[in-house]
Amino acid sequence: MSFLSRISSRNLCRSANSIGSNVLTRSLAVQTSQTRNTDAKHTTGNRVASNYKIIDHTYDAVVVGAGGAGLRAAYGLSTAGFKTAVISKLFPTRSHTVAAQGGINAALGNMENDDWRWHMYDTVKGSDWLGDQDAIHYMAEEAPRAVVELENIGMPFSRTPDGKILQRAFGGQSYDFGRGGQARRCCCVADRTGHAMLHTLYGQSLKYNTDYFIEYFALDLFMNQDNTQCIGVIAMNLEDGSLHRFRSNNTVLATGGYGRAYFSCTSAHTCTGDGNAMATRAGLKNQDLEFVQFHPTGIYGAGCLITEGCRGEGGFLINSNGERFMERFAPVAKDLASRDVVSRAMTIEIREGRGVGKDKDHIYLQLHHLDPKLLHERLPGISETAHIFAGVDVTKQPIPVLPTVHYNMGGVPTNYKGQVIQEKNGKDVVVKGLYAAGEAACASVHGANRLGANSLLDLVVFGRACANTIASENKPGESFAELPSKAGEASIANLDQLRNANGSISTADLRLKMQKTMQNHAAVFRDGTTLKEGRDLMDGIFQEQKDLKLKDRGIIWNTDLIETLELQNLLLNAMQTIYGAEARKESRGAHAREDYPNRADEYDYTNLDKNPITNQKKKPIEEHWRKHTLSYTDPDTGKTTLSYRAVIDHTLDESRCKPVPPKPRVY
Amino acid sequence: MTVGRSKLVRDVLHLYADYMRLSRQVQGLRDIARTEFKQYKHLKPKDNLIYIEYLLRRGKSQLATLQGQGVKSISLSSKPREQ
C-alpha cells in the first residue's frame, strides 16, 4: 500500500525515454500503480528496492579503459588469439587520448641524425632521475618500431617534402646526450596527433574479435583470497543498471589520469582516476601520485590546452615587459625547456608582478611572429581553440596562458613488462593477473616529470607490452575457477548505499570543495604550511563523503550516481596526492617546494668536480628522497599511509644502453 | 489461435522464445526472464503502447548483451531491500 501513497505524492512521472509525450506520462502513471517502482526517478524519501541483475562473463583477458593504451592492448591481445573484452565508460573515440595535440617521440632520424639512446638520456633527465631506467630503455628502444607500426595501420602523420614522417622540435629533447642542441624527434599529425591516433586504433580494433562493453562503468577489481592475484572486474551497465562480473585471469587497467581532482585542468570531465581508485580498494598501493604535471600553456580561464608544439614551431612566452623571460631561466633550451621548469618560471614571473592582463595573473604566448601559412598548416587546431576559448586571432594577438594541471606521472606501479607490482620486504612482487598501461600506470618512465610527446609513446609501447606479456605467459582458452558466488557484494552495497544517499551535501558541492582545496594547496609551488593545511582540509572533505545527498534514485543512466562514484575515486586519488606531497621534503621535477628547494639524492651531485662521489658517503634510503612513494588510503576511514620503493637504476642491457648517472638538471 | 495476433503480440512472443532458447546456454536466465515477462504481462496495448515498445526494445538489447560470447550466467543480487 506504500505504492499508492507514493503515487499520490508524485505529480508526473517522467520516463527515461521520455519524448515529451502526454500518452507516455499518462500510461506510466497508470502502470506505476500496479508494478514495483524499480525505475524510480524521484526520491520520495523511501529506500528503493534494490534487486540488481548480475550477469557473469568469462574472458581470457579484460581491458578496462578504451583510450590509446587500452585499444592498443586490446589489439595486441586479439591478434594473439585471446578472447578479449574491453570495458569503457565512454565511447572509445571520446576517451581523453583524443585531446592530445603534440605528437609521439621516436628516434627515427628523419630530420637529422638521431639515436634512441639520446632519447633515453633526455627522458631520464626529464624525469629528474626518478624514472626507472629499465622501463625508459625499453620505451626509447621500442619507440621507432611503435611509430612505424602506427603508420602502417594508417595513422596520417604529417610528412616532410620527401614523404617521410615529419618530426618537430619538442620540449626537453636534445641530440648527443644533451650536447648537440635541440632535437627534432616528435612525430606529429599537425596538432591533432591524439585524435588521429585514437581514431586509427579504433578503426583497427573493429577488425578483430573483441567484445566492447561501451558505457559500462568499472566499479571494482576482484582479488583472490590472499590478495596476490586479480581474477576479474565488476562493471555496471549505465544503460540499464545491470551489473556485469567479468571473470578473467588477465586484467589490464588503462583508465587514464585524475586531472579533475583540481579546479583548473586540461582534462575532460571524465578523467577521474578510476583505475587508481580500483587498485586502492583492492588493497594495492599506488606510486608517485604527488607528481602532478602543470602544463605551461593552458588557456587562461577555460583551461583548454595549447600544445607545446607551438613553442616547438617557434612561439615563445612573454611577460608584461614584452620580454622573452625563458631565456633567463633556461639559457640553452629557452621556451623548450622541460615543462616543470617552464611552469615554475611562469609562476615566478607572475608572483614577481610581471604577469599580464587586468589582474596580472597570466602570461602571453606569442605566435603572431610566425608565418600564417605555417600556423594554418601545422597548428590549425590551436588556432581554432584560441579563437573559440580566448577570442584571439593567433596571427595577430598573443594567447593568454597559465600553468594548468595536465598529466599525472603517478599511478599503479608496474615493471617494464606492464605487470603491476607491489613492494614486499624491499623486493618488487608481481601481482598476478593484473597489468596496467598508459597514464593510469607508473612504469615509471616519466618519473618526477614527463617530457612532452612521451605520453602517447608510453600508451602504445606499454599497451603493446601488456599484450605481449599476457601472450607469453598464458594460452588462449585456459580454464580457471569460477568467481565465488558472493563476489562483488561490497561494490553492490556501496552502489545501493549511494543510490539511497540522503545526507546534506550534494556531489557537485563536495567535488568543488575538493577541487578548490587541491588547487590552492597542492599547486605549482608548494610549501610545508599550505600542504599541511591542505591535508587537514582534505581529511575533512573525505569524511564528508558519508553525508552525500543524491536526488536521482533510478538505475538507468543515473548520472548523479555515476558522478558520485567518480567523486569517490577522485577523493582517493586526491588524498594520496596531498599526503605524498606533504611528506616529500625536497623539490624534484614537478614537485617543487619552496621550503626545500633542492633535490635530495643519495649523493650530492651538484658539484662533482670539487666533491666527487668517491669522497662522499652514500646516504641510506631513509635519509634521501630519490625513491618512489607508495601510498594507500583506506576507503572507509580515509587513513593514508606512505612507504617507499627504490628507483631502478640499471637498464635492461648495459651493452645496448648505458644507464645515466644522476647530475644537476639544467636546461 | 494464430489468426488475429497483432504484430506487437507476435514480437513479444518471439522475444520470449529467444530468451527461452538462450536460457539453455546462460544459467539462471529462464527464471529471471519468466519473472520479468510476467511482471509486465498485464499491460494493455491500448493504454501502454509506447511503454510496451520501450520494454520490447530494452528486452532485445539485453538479449543481445546476453548473447555475447563470454556470458556464462545471470543472477539477482541477494538482498532485495523493501520499504
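Residues numbered from 1 in each chain as written. Chains lettered and ligands numbered in written order. Predicted model: local features only at pLDDT ≥ 70, side-chain atom pairs only at ≥ 80, totals over all residues. Heavy atoms only, no water.

Moving on, we come to the overall build of chain B. Secondary structure assignment for chain B yields three helices and one strand. Reading chain B from its N end, one meets helices and strands in the order α-α-α-β. C-alpha extents for chain B along the principal axes are approximately 40 × 35 × 20 Å. A total of 83 residues make up chain B; the buried ones form 34% of that total. (Helix = DSSP H or I, 4+ residues; strand = E, 2+ residues; numbered from the N terminus. Buried < 20%, exposed > 50% of the residue type's maximum accessible area, 1.4 Å probe, protein only.)

Moving on, we come to the nonpolar core. Residue and element names in this part refer to chain A. Residues Met-514 and Met-538 are the most contacted members of the largest nonpolar core, which totals 73 residues. Per-element tally for this core: the top contributor is helix α17 (residues 559-583), with twelve residues. Looking at which domains feed residues into this core, each of domain 1 (54-293 + 408-473) and domain 3 (489-646) gives three or more. What Met-538 contacts, discounting residues up to four positions off in sequence, is Met-514, Thr-517, Met-518, Leu-571, Ala-574, Met-575 and Ile-578. (Core = buried A, V, L, I, M, F, W, Y, C linked by side-chain atoms within 4.5 Å. Domains from an automatic or database assignment. Contact = heavy atoms within 4.5 Å.)

Below, the discussion takes up the UniProt feature "active site" (unreviewed entry) in chain A. Residue and element names in this part refer to chain A. Sequence positions flagged by UniProt for "active site" (unreviewed entry) are, in local numbering, Arg-339. With respect to the helices, strands and loops of the structure, Arg-339 is situated in helix α10 (residues 339-351). A polar contact of 2.9 Å, which involves the side chain of Arg-339, links it to the side chain of Gln-293. (UniProt positions renumbered as here; feature names shortened; annotations may be inferred. Polar contact = N/O pair within 3.5 Å; in protein donor to acceptor, adjacent residues only side chain to side chain.)

For the rest of this paragraph, the subject is the confidence of the model for chain A. With 93% of its residues at a pLDDT of 70 or more, chain A has an overall mean of 89. Within the model, the stretch residues 1-37 of chain A combines pLDDT values under 50 with 42 contacts to residues more than four positions away or in other chains. (pLDDT = per-residue confidence, 0-100.)

Let's shift gears to the pattern of salt bridges. All names here are of chain A. Taken as a whole, this structure holds 51 salt bridges over all chains when the rule is applied. Across the pair Asp-601 and Arg-588 runs a salt bridge whose closest N-O atoms are separated by 2.5 Å. Residue Asp-601 is located in the loop between β24 (592-593) and β25 (627-633), and its partner Arg-588 is located in the loop between α17 and β24; the two are separated by 13 residues in the primary sequence. Each member of the pair, Asp-601 together with Arg-588, is buried. Asp-649 is paired through a salt bridge with Arg-626; the nearest N and O atoms lie 2.8 Å apart. Of this pair, Asp-649 sits in the segment after β26 (640-646) while Arg-626 sits in the loop between β24 and β25; the two residues are 23 residues apart in sequence, bridging distant segments of the chain. Take Asp-649: its relative accessible area is 32%, and that puts it in the partly exposed class. Taking relative accessible area as the criterion, Arg-626 reaches 5% and is therefore assigned buried. (Salt bridge = Lys/Arg side-chain N within 4 Å of Asp/Glu carboxyl O.)

Right, let's get into empty space enclosed by the protein. Residues and elements named next belong to chain A. Counted by the stated rule, this structure contains six cavities of 30 Å³ or more. Roughly 70 Å³ of volume is contained in the second largest cavity. Taken together, Phe-217, Ala-218, Leu-219, Asp-220, Arg-281, Ser-491, Asn-494, Leu-565, Gln-568 and Asn-569 make up the full set of residues lining the second largest cavity. Looking at the lining of the second largest cavity, the elements with two or more residues in it are β8 (216-223), α14 (489-499) and α17. Top contributing element to the lining of the second largest cavity by residue count: β8, with four residues. (1 Å grid on protein atoms, 1.4 Å probe; cavity = no way out; pocket = protein on both sides within 12 Å on 5 of 7 lines; lining within 4 Å. Points joined across faces, edges and corners; volume = space filled by probe spheres on them.)

Topologically, Thr-97 of chain A is positioned in the loop between β3 (84-88) and β4 (104-105). Among all residues touching Thr-97 of chain A, those that are not within four sequence positions of it are Gly-67, Gly-68, Gly-194, His-195, Met-197, Leu-198, Leu-456 and Leu-459 of chain A.

This brings us to the environment of Leu-570 of chain A. Residues and elements named next belong to chain A. Note that Leu-570 resides in helix α17. For the pair formed by Leu-570 and Tyr-258, sequence separation is 312 residues and the distance between their alpha carbons is 6.7 Å. Once you skip the residues sitting within four places of it in the chain, Leu-570 turns out to touch Tyr-258, Arg-260, Ala-261, Cys-271, Thr-272 and Met-514.

Take the pairing of strand β18 (residues 419-424) of chain A next. Residues and elements named next belong to chain A. Relative to strand β19 (residues 427-436), β18 is paired through five bridges, and the arrangement is antiparallel. Each bridged residue has a counterpart across the sheet, and for Gln-419 the counterpart in β19 is Tyr-435. A loop of two residues connects β18 with β19, the two strands running antiparallel in sequence, and Asn-425 in this loop sits at a positive phi of about 55°. (Pairing = 2+ DSSP bridges.)

Residues and elements named next belong to chain A. Taken in spatial order, the six strands make up an open sheet running β7-β3-β2-β11-β19-β18, and their pairing is mixed. What marks the edges here is a single partner per strand, and that holds for β7 (210-214) and β18. Here the strands of the sheet are splayed against their neighbours by 30° on average, with no regard to which way each runs. Note: strand β2 (residues 61-64) against β3, four bridges, orientation parallel. (Axes fitted to C-alpha atoms, helices over the stretch in contact; angles between N-to-C directions.)

By way of backbone hydrogen bonds, the strands of a sheet pair with one another, either parallel or antiparallel. All names here are of chain A. Taken in spatial order, the three strands make up an open sheet running β4-β6-β5, and their pairing is antiparallel. A single partner strand is all that each edge strand has here, and the edge strands are β4 and β5 (167-174). By the bridge criterion, four bridges tie β5 to strand β6 (residues 182-187) in an arrangement that is antiparallel. Residue pairing in the sheet places Ser-174 in a bridge with Gln-182 of β6.

Moving on, we come to a positive patch on the surface. On the surface, Arg-30, Arg-34, Lys-38 and Lys-41 of chain B cluster together to form a positively charged patch. Counting through the fold element by element, Lys-41 of chain B comes out in the loop between α2 (29-39) and α3 (45-66). (Patch = residues over 30% accessible without salt bridge, like charges linked within 9 Å, V, L, I, M, F, W, Y side chains within 5 Å. Areas by Shrake-Rupley, 256 points an atom, 1.4 Å probe, with all protein chains shown as cover. Lys, Arg positive; Asp, Glu negative; His and termini not counted. Charge placed at Lys NZ, Arg CZ, Asp CG, Glu CD.)

This brings us to the packing of helix α15 (residues 507-521) of chain A against α17 of chain A. Residues and elements named next belong to chain A. At a minimum axis separation of 10 Å, α15 and α17 run at an interaxial angle of 25°. As judged from the angle between their axes, α15 and α17 are roughly parallel. In the packing of α15 onto α17, the handedness of the crossing is left-handed. Facing Thr-507, Leu-510, Arg-511, Met-514, Met-518 and His-521 of α15, the residues of α17 in contact are Asp-560, Glu-563, Thr-564, Leu-567, Leu-570, Leu-571, Ala-574, Thr-577 and Ile-578. Considering only residue class, the contact of α15 with α17 consists of eight nonpolar, four polar and three charged. (Parallel < 35°, antiparallel > 145°, perpendicular 65-115°, else oblique. Left-handed = near helix turned anticlockwise from the far one by under 90°. Nonpolar A, V, L, I, M, F, W, Y, C, P; charged D, E, K, R; others polar.)

The next subject is unusual backbone geometry. Residue and element names in this part refer to chain A. With omega at -10°, the peptide bond leading from Ala-443 into Ser-444 counts as cis. Positionally, Ser-444 belongs in the loop between β20 (441-442) and α13 (454-473). One non-glycine residue, Phe-177, lies in positive phi territory at about 55°. Position of Phe-177 among the secondary structure elements: in the loop between β5 and β6. Classification of Phe-177 by relative accessible area gives partly exposed; the value is 35%. Look at Lys-360: it is not a glycine, yet its phi comes out positive at around 50°. Using a relative accessible area of 44% as the deciding quantity, one classes Lys-360 as partly exposed.

With that out of the way, let us pick up the environment of Tyr-51 of chain B. Residue and element names in this part refer to chain B. With respect to the helices and strands, Tyr-51 occurs in helix α3. Residue class for Tyr-51 comes out buried when judged on its relative accessible area of 6%. Separated by 18 residues in the primary sequence, Tyr-51 and Ala-33 place their C-alpha atoms 18 Å from one another.

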